[in-house]
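This is what each chain is made of:
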Amino acid sequence: MRTPIIAGNWKMNKTAAQAVDLVAEMRSDLEAAEGVECVVCPPYLAVPDVARLLVDSTVAVGCQDVYWKESGAFTGEVAAVMAAEFCQYAIIGHSERREYFGETDQSVNSKIKGALAAGLVPIVCVGESLELRQAEKTESWIIGQLHGAFEGISVEQAIGIVIAYEPIWAIGTGLAATAEEAERVCGQVVRATLTELYGSGVAEQIRVQYGGSVNAGNAAELLAKPNIDGALVGGASLKAADFVTIVRAAQAQSRAR
Ligand code: PEP
């Protein structure tokens, strides 16, 4: 059975002080959600303070990106090994990084390898644009992204990776995919590709999140689907009550399974 994982991607929101306040507001409720892995991913400058606050907590800390080189002349970058001092997870290949910062399937692959080498769990984002969806190219696009991401990744490494299926048209728009649509892509595209790459025994162990306008109102329906093992949450993760409601929906599902 796959443990549901709910991760909050705070994007470029919250100063360090605000981040600590937000975590303090929801910490005990998140810790009470047995059977669910909860991750908060603040902006980098807030990561150390949040990590210190959560040092004895079941709530994990993630970063929103890493660089694969261990050190050197890479102005502005943060090495995976540096992030690993404070974080357990790293979001990699978010569509905003692909769109605004030139990330490619190749750089995503290097970042995954860097994160794994540093002991971080990569949360690897894949998803299609509206144009690709309208052109009925969702499936081939995501298969291509997954093949690129998992190039040279061993079976043992693959088992520890989390995939987030995030249709770009659903991110920050309030227009989440329907539960049926999200389940179809998470199962028949993402897990099917993982099965092709690693066999069904491995693919069944890899967690696949859905992300894109998940909120307190739609989380339960999405998380009830058998191939959706959690959520990557943007906007709703910045509101303690909403994030806690999403985590509780995951807990209810994990009890029901
Ligand atoms: C995200 O940024 O990964 C995301 C899913 O954002 P939102 O929940 O706001 O759509």
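Scoring rules and cut-offs
- Residues numbered from 1 in each chain as written.
- Predicted model: local features only at pLDDT ≥ 70, side-chain atom pairs only at ≥ 80, totals over all residues.
- Heavy atoms only, no water.
- Helix = DSSP H or I, 4+ residues; strand = E, 2+ residues; numbered from the N terminus.
- Rg over C-alpha atoms; globule rule 2.2 N^0.38 Å.
- Buried < 20%, exposed > 50% of the residue type's maximum accessible area, 1.4 Å probe, protein only.
- Contact = heavy atoms within 4.5 Å.
- Areas by Shrake-Rupley, 256 points an atom, 1.4 Å probe, with all protein chains shown as cover.
- Axes fitted to C-alpha atoms, helices over the stretch in contact; angles between N-to-C directions.
- Parallel < 35°, antiparallel > 145°, perpendicular 65-115°, else oblique.
- Left-handed = near helix turned anticlockwise from the far one by under 90°.
- Nonpolar A, V, L, I, M, F, W, Y, C, P; charged D, E, K, R; others polar.
- Near = heavy atom within 4 Å.
- Polar contact = N/O pair within 3.5 Å; in protein donor to acceptor, adjacent residues only side chain to side chain.
- Phe/Tyr/Trp six-rings, centres within 6.5 Å; stacked < 30°, edge-to-face > 60°.
- Lys NZ or Arg CZ within 6 Å of the ring centre and 35° of its normal.
- Pairing = 2+ DSSP bridges.
- Salt bridge = Lys/Arg side-chain N within 4 Å of Asp/Glu carboxyl O.

Caption draft 1: Structural detail: the overall build of the protein. Looking only at helices and strands, one finds 12 helices and eight strands in the protein. Its C-alpha atoms give the protein a radius of gyration of 17 Å, near enough to 18 Å, the size a compact globule of 257 residues would have. Projected onto the principal axes, the alpha-carbon positions of the protein cover approximately 45 × 45 × 35 Å. Within the protein, the fraction of its 257 residues that count as buried is 52%. Counting contacts in the protein only where the partners sit at least 6 residues apart, residues at least 24 apart contribute 73% of the total. For the protein, the computed accessible surface area is about 11,200 Å², with 52% contributed by carbon and sulfur atoms.

Caption draft 2: Region of interest: the packing of helix H1 (residues 16-31) against helix H12 (residues 240-256). Following both chains from N to C, one finds H1 and H12 inclined at 25°, their axes separated by 9 Å at the closest point. The orientation of H1 relative to H12 falls into the category roughly parallel. The chirality of how H1 crosses H12 is right-handed. Of H12, the residues touching H1 (which contributes Leu22, Glu25, Met26, Asp29 and Leu30) are Ala240, Phe243, Val244, Val247 and Arg248. Here the contact of H1 with H12 is composed, by residue class, of seven nonpolar, no polar and three charged.

Caption draft 3: How the structure looks around the site of the ligand. As a structural note, the neighbourhood of the ligand is formed by 14 residues, with Lys11, Glu166, Gly172, Ser213 and Gly234 the closest of them. In this structure, Asn9 approaches the ligand through a side-chain N or O atom, which is 3.3 Å from an oxygen atom. One of the backbone N or O atoms of Ser213 is found 2.7 Å from an oxygen atom in the ligand. Coverage of the ligand by the protein chains reaches 95% of its 290 Å² of free accessible surface. Here the shell around the ligand is composed, by residue class, of four nonpolar, eight polar and two charged.

Caption draft 4: Just the packing of aromatic side chains, in detail. Inspection of every chain in the model, using the stated rule, returns five aromatic pairs. Both rings, one in Tyr100 and one in Phe101, keep their centres 6.4 Å apart while their planes meet at 90°; by these two values the pair is edge-to-face. Ring pairing ties together the aromatic residues Tyr67, Trp68 and Phe74, which thus form one cluster. Lying across the ring of Trp169, Arg133 places its NZ or CZ 4.0 Å from the centre.

Caption draft 5: Focus on the sheet that holds strand S1 (residues 5-9). Reading around the circumference, S1-S2-S3-S4-S5-S6-S7-S8 is the order of the eight strands in this closed barrel, with parallel pairing throughout. The mean angle between the axes of side-by-side strands here comes to 25°, regardless of whether they run parallel or antiparallel. For strand S6 (residues 162-165) and strand S7 (residues 207-211), the ladder comprises four bridges, and the chain directions are parallel. Following the sheet pairing, Val162 is matched in S7 by Arg207.

Caption draft 6: Representation of the pattern of salt bridges in the model. What the rule picks out here adds up to 15 salt bridges. Between Lys11 and Glu96 there is a salt bridge, with its nearest N and O atoms 2.7 Å apart. Within this pair, whereas Lys11 is found in the loop between S1 and H1, its partner Glu96 is found in helix H4 (residues 95-100), the two being separated by 85 residues in sequence. Salt bridges sharing common partners tie together Arg2, Arg191, Glu204 and Asp229.

Caption draft 7: Representation of unusual backbone geometry in the model. A positive phi is found at Glu136, a non-glycine position, where the angle reads about 55°. Note on placement: Glu136 falls in the loop between helix H6 (130-134) and helix H7 (138-149). A positive phi angle is found at Ser213, which is not glycine, with a value near 60°. Here Ser213 is to be found in the loop between S7 and helix H11 (219-223).

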